[in-house]
Amino acid sequence: MPSRIQVAGLVVLVVMGASCTTAPSMSPSSPPSSMRTSRSMPSPSASPTRPARTSSVEAFQLVSRSFGVAIVRQRLVATQDFGRTWADITPMRTVPGGLPADLALSHPFFLDPEHGWVTANDCVGGKAVLFRTASGGRRWRRTSIPSSTCNAGAGTMPTFVDARHGWLMRQEPTGESASIQRTTDGGKRWSGERDFPWITRLRFVDPLHGWLGGIDRHSTVGLFRTSDGGRTWLPVSAPLRSCCRTWWALFDAPRFFDALHGVVPVTLRHGNRLVVVFDATTDGGDTWRAAATLGPVRAGTIGFPAPASASVATERHWWVLAGRAPRLRVTRDAGRTWRSIAIPNARRAYALHALDARRAWITVRVGRLTRLVATRDGGRTWRTLVPVAH
């Protein structure tokens, strides 16, 4: 891997502010839409000791138009109705012996309501566990995995393309190091660890073909691809705007809509200025062109270079959280025009996941708490979700 490629930390753990405080984590990639849905979920369990209305959302993933998961006060909860009701599917409820006291749930990833994984880490004790379920959380199994440190932005994040093929991405932002392991048996065993300076995002489209986004400066190589399941990675050139070629360039992982057409957001940062460029391909990623640009906007000072939270929902519908104020930018015409949307009652907006032109979840700062808000109408109206089982 070229030594000049660095990465700044935002895959699912966003490093916000010079004080190195962290925002909620989000799934590293969306699951294939072809995965089947579940007919039932575990019966709702008792609420956490403190109501979710007074607790911050620690992580979330919006999986489909109705299904999603969240971590609140170390409880993993799931919804089948876009956040109106929730069921407790925390691994400690079904794993023999429960969850050791020093392990903290951190990063969930679900393909569908049945198949899911979530990591738990003890950064002080140097141990970590991956929990996996094929029954919607009714039963869990666990596997020991490498742990991450207690440093800001550090964490281990799973991503899968089907019930068997997946990858673990572990990163240490303060140490400028990251690694990837792969599994072919649903997470029972992991092998083939590859080391990188850093990774912003990892996304696979099938068991063999995947993309890795990184950080680049002074060149156009911050995007990598694999065609052998992650054993080897090759750099791919992508254009940068002439105005910003000496800025930090933070590449996301591309979203492909078929075998040929895809879009990748690239965040360009310099001081408190930010530009988001959307590169597009029509030949499967062999070549890229700058299709649209958003910005510049004022983004505030950060402890680590971090990309804007962007969600490419369709070929034409893109959502971006960018700027110091909690505002959402949305385009319905592939970046030709943008609409700015205020997020009510929010001091700050952190992570975004949009499914299509209408549905999205966002974590926002309200007072001292991190809330999860949802829209079903493209951002015209918002509803605060309360991820707690009743």
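Residues numbered from 1 in each chain as written. Predicted model: local features only at pLDDT ≥ 70, side-chain atom pairs only at ≥ 80, totals over all residues. Heavy atoms only, no water.

Okay, the pairing of strand E31 (residues 360-366) next. Most of E31 sits inside the fold, with 5 of its 7 residues counted as buried. Relative to E31, strand E30 (residues 348-354) is paired through 5 bridges, and the arrangement is antiparallel. Looking at E31, one finds that His353 is bridged to Trp361. Here E30 hands over to E31 after 5 residues, the two strands then running antiparallel side by side. Sheet topology places E31 next to strand E32 (residues 369-375); 7 bridges connect them, and they run antiparallel. Among the inter-strand pairings, Ala360 is bridged to a residue of E32, identified as Thr375. The loop that links E31 with its antiparallel partner E32 comprises 2 residues; one of these, Gly367, has a positive phi angle of about 65°. (Buried < 20%, exposed > 50% of the residue type's maximum accessible area, 1.4 Å probe, protein only. Helix = DSSP H or I, 4+ residues; strand = E, 2+ residues; numbered from the N terminus. Pairing = 2+ DSSP bridges.)

So, on to the environment of Asp206. Its location among the elements puts Asp206 in the loop between strand E16 (201-204) and strand E17 (210-213). What makes Asp206 partly exposed here is its relative accessible area of 27%. Linking Asp206 and His165, residues 41 residues apart in sequence, is a C-alpha distance of 8.5 Å. Within the structure, the side chain of Asp206 is placed 2.8 Å from the backbone nitrogen of Leu208, a separation counted as a polar contact. From its side chain, Asp206 meets the backbone nitrogen of His209 in a polar contact 2.7 Å long. (Polar contact = N/O pair within 3.5 Å; in protein donor to acceptor, adjacent residues only side chain to side chain.)

For the rest of this paragraph, the subject is the environment of Ile362. Mapped onto the elements of the fold, Ile362 is located in strand E31. A C-alpha to C-alpha distance of 7.1 Å links Ile362 and Tyr350, two positions 12 residues apart in sequence. Those residues within four positions of Ile362 in sequence are excluded, and the remaining contacts are Leu321, Leu328, Ile343, Ala349, Ala351, Leu352, Arg371, Leu372, Val373 and Trp382. (Contact = heavy atoms within 4.5 Å.)

Turning next to the pattern of salt bridges. For the structure shown, the criterion picks out 8 salt bridges. Salt bridges sharing common partners tie together Arg65, Asp356 and Arg359. (Salt bridge = Lys/Arg side-chain N within 4 Å of Asp/Glu carboxyl O.)

This brings us to the sheet that holds strand E13 (residues 166-172). If you walk across this open sheet you meet the 4 strands as E12-E13-E14-E15, and the pairing is antiparallel. Looking at the sheet topology across the chains shown, the edges are occupied by strand E12 (155-160) and strand E15 (191-196). Sheet twist, expressed as the mean angle between neighbouring strand axes with direction ignored, is 20°. When E12 meets E13, the two strands line up antiparallel, connected through 6 bridges. (Axes fitted to C-alpha atoms, helices over the stretch in contact; angles between N-to-C directions.)

A regular strand places its side chains so that they alternate between the two faces of the sheet. For strand E24 (residues 273-281), a buried count of 8 out of 9 residues is recorded, marking the element as mostly surrounded by other parts of the structure. The pairing of strand E23 (residues 262-270) with E24 spans 9 bridges and is classified as antiparallel. When the bridges of E24 are listed, Val264 appears paired with Asp279. What sits between the antiparallel neighbours E23 and E24 is a turn of 2 residues, in which Gly271 has the positive phi angle 60°. Sheet analysis places E24 next to strand E25 (residues 289-298), joined by 7 bridges and oriented antiparallel. Within E25, the residue paired with Arg273 across the bridge is Arg298.

Strand order in this open sheet of 4 strands is E26-E27-E28-E29, and the pairing throughout is antiparallel. Pairing within the sheet leaves two strands with one partner each, and these edge strands are strand E26 (309-312) and strand E29 (339-342). Geometrically, the sheet is characterised by an average inter-axis angle of 20° between neighbouring strands, direction not taken into account. Both strand E27 (residues 318-321) and strand E28 (residues 327-331) contribute to a ladder of 4 bridges, which runs antiparallel. Bridging from a neighbouring strand, Leu321 pairs with Leu328 of E28.

So, on to the packing of aromatic side chains. Tallied over the full model, the rule gives 15 aromatic pairs. For the ring pair Phe278 and Trp338, a centre distance of 5.7 Å and an interplane angle of 35° mean the geometry is tilted. Residue Phe278 is found in strand E24, and its partner Trp338 is found in the loop between E28 and E29; the two are separated by 60 residues along the sequence. Judged by relative accessible area, which is 24%, Trp338 ranks as partly exposed. (Phe/Tyr/Trp six-rings, centres within 6.5 Å; stacked < 30°, edge-to-face > 60°.)

Let us look at the confidence of the model for the protein. Per-residue pLDDT for the protein has a mean of 83; in total, 81% of the residues score no lower than 70. Between the elements of the protein, mean pLDDT differs from a low of 34, seen in strand E1 (residues 15-16), to a high of 97, seen in strand E5 (residues 68-72). When the criterion is pLDDT under 50, residues 32-39 qualifies, and its contacts beyond four places in sequence or with other chains add up to 12 contacts. Residue range residues 43-52 is modelled with pLDDT below 50. Its contacts to residues more than four positions away, or to other chains, number 22 contacts. (pLDDT = per-residue confidence, 0-100.)

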